[in-house]
There are 2 protein chains.
Amino acid sequence: MLYEISEKAIQLENQGKKIIKFNLGDTDMPTPPEIVEAAYLAMKQGKTKYSSAAGEKKLREELASIHGVSVDNVVITAGSKWAIFSLMFLLLKKGENVVVPSPHWTSYELAARKVGAEPRFLKGDLESEWRIDVEKLVGLIDEKTRLIILNSPSNPTSKVVDEKTFGEIVQLAESRGVTVLSDEVYADISFVPAKSILDFGEDHILVNSFSKTFAMTGWRIGYAVVEEELAQRMIKLNQITTTCVPAFIQYGTLKGLESKRKIADDIREQFRLRADVAIKVLRKAGMKFARPDAPFYLFPKVEGLDSERFALDLLDRGVAVAPGTAFGDYREYFRIALTVGEEKVREGLETLCEALP
Amino acid sequence: MLYEISEKAIQLENQGKKIIKFNLGDTDMPTPPEIVEAAYLAMKQGKTKYSSAAGEKKLREELASIHGVSVDNVVITAGSKWAIFSLMFLLLKKGENVVVPSPHWTSYELAARKVGAEPRFLKGDLESEWRIDVEKLVGLIDEKTRLIILNSPSNPTSKVVDEKTFGEIVQLAESRGVTVLSDEVYADISFVPAKSILDFGEDHILVNSFSKTFAMTGWRIGYAVVEEELAQRMIKLNQITTTCVPAFIQYGTLKGLESKRKIADDIREQFRLRADVAIKVLRKAGMKFARPDAPFYLFPKVEGLDSERFALDLLDRGVAVAPGTAFGDYREYFRIALTVGEEKVREGLETLCEALP
């Protein structure tokens, strides 16, 4: 349903309609010009050929240094989504399962099913501010569990997993021989400090992306930090699928890393302003939601709402949101991605509040 | 072995060694500047966001018009390799098989095995100039055959499948309920006219790429022309894997299509000169090979050669070739990709001839 809304929104735009798109985690902020210029320079310098399926050496080295790992642990991927899909494809056999705290990013579920694995969801609740209940998590793990997926800060709740819970989950995984796949694509722009899986050792999997930190969603570049043997398997899979991320894109990204803190700080501050506006409008309308710890999302609840119908109807009023059902069993919820400026946030959310049944 | 040679060649270059790389189908010609400039302009115009998993509408429309199909039949993919892998992933069940005239591009074999299917090779022979023997092809097809892969012009032989044989294969496939996947990435720069699968109706699959026609190997953009329902399945798979090809890359490609004939003519002519030089040097050394109908490759035979050992030893002399074993059961053969200028072709092939055991 998430992707259907997205494609329909694009269709409406192609017909010339104006849509305020709260439906996708794709900010309106431009990719910083230094990244664009560096990519252009690299193109002109001929970085337009096949390159290593592992990624450009310089970029891998830089990321290895940032994360305190070896370059052999770093694999550049065509977006973090490709990292996640390829890891599931490589690690999950048919009939095995993956445990996912929910609400969860749609792609975890679709990718797991696509490779023949069973996604098992730990249903969360708004009342606890979406805290992961580790005791309940235990109950979902069996001998066919291969992965636990953590996503902190979370899409769609924007909540950060606290250090204690994170540690408990890692410990649980290790005691049961399960790998944690930690998707940390919002961590660098989080409002509050977010722990990384690498803070708990190197036996697990970090997946990250430049999409959110550098406003590079459409560039399709991410990476994984994994143990060396798995890195080799990912590289071999890249060789027969995506081949490589265009080298000029990697050089653009490398330029971004030079001023990573500044770029991330700017983006974070803009999202903080947007979140403040959104929180005010939604509170005024009496909606319930957890205060976001990070960009990009709010995940409000409206009692009795059919969010799929609501999302489709709302499109006709020029506002796109993602229905809660895209993130699990959350029909009364919807996800707002704060990907437009404060004024548009206000305008779009006021339209949304008026449209509520 | 192909990718091992490639990664080792990159390693040696990173150490500062000069390598004449005949090992990869990656020409030294730069991507035409109008494509680079159009991509840059698109970046600056903000075409850096998530875009449709089907591809940009304008590019799909242009390709639909070129091929005389509907826009709904065209799916833009992160390289033709991703198109092929995703089609195999979607169409082949474990235990099913795909029939591939050989020698064949390595990726067909690796991709088929990776999705749990059995690749069945129709061994060709140099004496017949690598003609596909349709009667022998029949013998490989059974009730578990889902695909026949055609690659005309061929990697690694650069031979074109003649119209009569092409038609017979399509007819055979249809009589047995098998789909032809026709990989035509070298067709636009072929020295001799090459038939397209679309000349035989729209029930099969065309895979194509801009890598060779526009010297865009590292940009990772290709496409498939398939029936609409399959197109939808490919788009859905893109949504949970590669997401989209960066829109600015698609706009660069669109610019290339405006002067497609001129760009392709230029590239074809350069390859013709290179092929002429290579043919002379190799003939002088007494090597046997079929005269190429198209860029990029020659696939010579040396009686008694262990091409894997030869390829590894040759790397130390600064020349990279692909051993014949990368393309099937062809240990006495190796593949030369004419991806450097005439002088380098001469220099590299003379070094190669000296190194022959």
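Residues numbered from 1 in each chain as written. Chains lettered and ligands numbered in written order. Predicted model: local features only at pLDDT ≥ 70, side-chain atom pairs only at ≥ 80, totals over all residues.

Asks: What should I look at first to understand the overall build of chain A in this one?
Replies: From N to C terminus, chain A includes 12 helices and 12 strands. In terms of C-alpha radius of gyration, chain A reaches 20 Å, essentially the compact-globule figure of 21 Å for 357 residues. In terms of principal-axis extent, the alpha carbons of chain A reach across some 55 × 55 × 35 Å. Within chain A, the proportion of its 357 residues that are buried is 55%. A fraction of 72% describes how many contacts in chain A between residues 6 or more apart in sequence connect residues 24 or more apart. (Helix = DSSP H or I, 4+ residues; strand = E, 2+ residues; numbered from the N terminus. Rg over C-alpha atoms; globule rule 2.2 N^0.38 Å. Buried ≥ 20, exposed ≤ 12 C-beta atoms within 10 Å, placed from the backbone. Contact = placed C-beta atoms within 7 Å.)

Asks: Teacher, can you tell me more about the sheet that holds strand β12 (residues 334-337) of chain B here?
Replies: In a beta sheet, neighbouring strands are held together by backbone hydrogen bonds and run either parallel or antiparallel to one another. Residue and element names in this part refer to chain B. The antiparallel open sheet is built from three strands, whose spatial order is β9-β12-β11. Of all strands in the sheet, those bounded by a partner on one side alone are β9 (297-298) and β11 (322-323). Relative to β12, β11 is paired through two bridges, and the arrangement is antiparallel. Across the sheet, P323 pairs through a bridge with F334, a residue of β12. (Pairing = 2+ DSSP bridges.)

Asks: Hey, could you run me through the nonpolar core in this one?
Replies: Taken as a class, soluble globular proteins show a tendency for nonpolar side chains to be buried jointly. If you look at the biggest cluster of nonpolar residues, it comprises 236 residues, and the most contacted ones within it are A39(A), A224(A), A39(B) and A224(B). Leaving out residues up to four positions away in the same chain, A39(A) has contacts with F248(A), I249(A), Y251(A), G252(A) and M43(B). (Core = buried A, V, L, I, M, F, W, Y, C linked by C-beta atoms within 7 Å.)

Asks: Mind showing me how you'd approach helix α10 (residues 260-284) of chain A here?
Replies: In an α-helix there are 3.6 residues to a turn, and that puts residues three or four apart on one side. All names here are of chain A. For α10, spanning 25 residues, the distance from its first C-alpha to its last is 36 Å, which sits close to the expected 36 Å at 1.5 Å a residue. Residues of α10 that are buried: I263, I267, F271, R274, A275 and A278. G286 sits one or two positions beyond α10 and adopts a positive phi of about 80 degrees. (Expected span 1.5 Å × (residues − 1).)

Asks: Whenever I open this one, the domain arrangement of chain A confuses me. Can you help?
Replies: Where the parts come together, the accessible area they lose is often given as the size of the interface. All names here are of chain A. Once the domains are mapped, chain A shows domain 1 (2-31 + 261-355) and domain 2 (34-259). Measuring from the centre of the C-alpha atoms in domain 1 to the corresponding centre in domain 2 gives 24 Å. Each partner contributes to the interface: domain 1 provides 31 residues, whereas domain 2 provides 33 residues. Contributing elements (two or more residues each) for the side of domain 1 that touches domain 2: α10 and β9 (297-298). (Domains from an automatic or database assignment.)

Asks: Explanation requested: the relation of the copies chain A and chain B in the structure shown.
Replies: Taken as rigid bodies, chain A and chain B are interconverted by a rotation of 180 degrees and an axial shift of 0.0 Å, the fit giving an RMSD of 0.0 Å. Here the two chains are linked by the operation of a two-fold rotation axis. Distance from the rotation axis, computed per C-alpha, reaches its smallest value in chain A at Y40(A): 3.0 Å. When you check the interface residues of chain A against chain B, 100% turn up at the interface there too, and the contact is symmetric in its surfaces. (Least-squares fit on C-alpha atoms with pLDDT ≥ 70 in both.)

Asks: Before we go on, may I ask you to explain the environment of S6(A) in this structure?
Replies: With respect to the helices, strands and loops of the structure, S6(A) is situated in helix α1 (residues 2-14). Spatially, the C-alpha atom of S6(A) lies 6.9 Å from that of N23(A), the residues being 17 residues apart in sequence.

Asks: Looking at this structure, how should I read the interface of chain A and chain B?
Replies: Facing 42 residues of chain A, the contacting portion of chain B comprises 42 residues. For the side of chain A that touches chain B, the elements supplying multiple residues, two or more each, are α1, α2 (33-44), α4 (80-91) and α5 (106-114) of chain A. The leading source of residues in the side of chain A that touches chain B is α2(A), at five residues. Counted by class, the side of chain A that touches chain B contains 20 nonpolar, 14 polar and eight charged residues. (Nonpolar A, V, L, I, M, F, W, Y, C, P; charged D, E, K, R; others polar.)

Asks: Just to check I follow, could you spell out α4(A) for this structure?
Replies: Residue and element names in this part refer to chain A. Here α4 is 12 residues long and its end C-alpha atoms lie 16 Å apart, about the 16 Å a rise of 1.5 Å per residue gives. With 10 of its 12 residues buried, α4 lies for the most part within the structure. Check the buried side of α4 and you find it contacts β2 (74-77), α5, β6 (179-183), β7 (205-209), β8 (222-225) and α8 (228-239).

Asks: When you look at the sheet that holds strand β7 (residues 205-209) of chain B in this model, what are you seeing that I'm missing?
Replies: Residues and elements named next belong to chain B. The strand order across the open sheet built from seven strands is β2-β8-β7-β6-β5-β3-β4, with neighbouring strands paired in mixed fashion. Whereas interior strands pair on both sides, the edge strands pair on one side only; in this sheet they are β2 (74-77) and β4 (118-122). Neighbour-to-neighbour, the strand axes of the sheet open up by a mean angle of 20 degrees, direction not taken into account. Bridge count between strand β3 (residues 97-101) and strand β5 (residues 145-151): three bridges; the pairing is parallel. Following the sheet pairing, V99 is matched in β5 by I148. In the packing of helix α4 (residues 80-91) onto the sheet, contacts are made with β2, β5, β6 (179-183), β7 and β8 (222-225), and the angle to β7 comes to roughly 150 degrees. Set on the sheet, helix α7 (residues 163-175) makes contact with β5 and β6; between it and β6 the angle comes to about 145 degrees. (Axes fitted to C-alpha atoms, helices over the stretch in contact; angles between N-to-C directions.)

Asks: Hey, could you run me through the packing of α2(A) against helix α2 (residues 33-44) of chain B in this one?
Replies: In a pair of packed helices, the angle between the axes and the distance between the axes together describe the arrangement. The interhelical angle for the contact between α2(A) and α2(B), taken along N-to-C directions, is 175 degrees, at an axis separation of 10 Å. Considering their axes alone, α2(A) and α2(B) lie roughly antiparallel with respect to each other. Contact residues: V36(A), A39(A), Y40(A), M43(A) and K44(A) in α2(A); V36(B), A39(B), Y40(B), M43(B) and K44(B) in α2(B). Per-class residue counts for the contact of α2(A) with α2(B) are eight nonpolar, no polar and two charged. (Parallel < 35°, antiparallel > 145°, perpendicular 65-115°, else oblique.)

Asks: Where do I start with the packing of α4(A) against α5(A) in this structure?
Replies: Residues and elements named next belong to chain A. One can describe the packing of α4 onto α5 by two numbers: an axis separation of 9 Å at closest approach and a directional angle of 35 degrees. Between α4 and α5 the crossing geometry is right-handed. Across the interface between the two elements, K81, I84, F85 and M88 from α4 touch S107, A111 and A112 from α5. Considered class by class, the residues forming the contact of α4 with α5 number five nonpolar, one polar and one charged. (Left-handed = near helix turned anticlockwise from the far one by under 90°.)

Asks: Could you clarify how one ought to interpret the pairing of β2(B) in this entry?
Replies: Consecutive side chains along a regular strand alternate between the two faces of the sheet. All names here are of chain B. Going residue by residue along β2, you find V74 and I76 tucked away on one face and V75 and T77 tucked away on the opposite face as well. In this structure, β2 lies alongside β8, joined through four bridges in antiparallel fashion. Looking at β8, one finds that T77 is bridged to G222.

Asks: Please explain unusual backbone geometry as it appears in this structure.
Replies: Working note: non-glycine residues mostly have negative phi, and peptide bonds are mostly trans. With an omega of 20 degrees, the peptide bond between N155(A) and P156(A) qualifies as cis. Position of P156(A) relative to the elements: it lies in the loop between β5 (145-151) and α7 (163-175). Going from S152(B) to P153(B), the amide bond is cis rather than trans, its omega being -5 degrees. Inspection of the secondary structure puts P153(B) in the loop between β5 and α7. Here the phi dihedral of E129(A) falls at roughly 60 degrees; this positive angle occurs in a residue that is not glycine. For E129(A), the location among the structural elements is in the loop between β4 (118-123) and α6 (134-140). The backbone of R220(B) sits at a positive phi, close to 60 degrees, despite the residue not being glycine.

Asks: Would you mind showing me how to read the environment of D142(A) here?
Replies: Within the secondary structure, D142(A) is located in the loop between α6 and β5. Sequence-wise, D142(A) and R60(A) are 82 residues apart; in three dimensions their C-alpha atoms are separated by 35 Å.

Asks: Honestly, the confidence of the model for chain A in this entry has me stumped. Any pointers?
Replies: Low pLDDT marks regions whose predicted coordinates should not be analysed in detail. In this model, chain A carries a mean pLDDT of 96, and residues with pLDDT of at least 70 account for 100%. With a pTM of 0.96, the predicted complex shows an ipTM of 0.95. (pLDDT = per-residue confidence, 0-100.)

Asks: Could you clarify how one ought to interpret the environment of I35(B) in this entry?
Replies: Locating I35(B) in the fold gives a position in helix α2. Filtering out sequence-adjacent residues up to four positions away, I35(B) remains in contact with F214(B), M216(B), G252(B), T253(B), K255(B) and G256(B).

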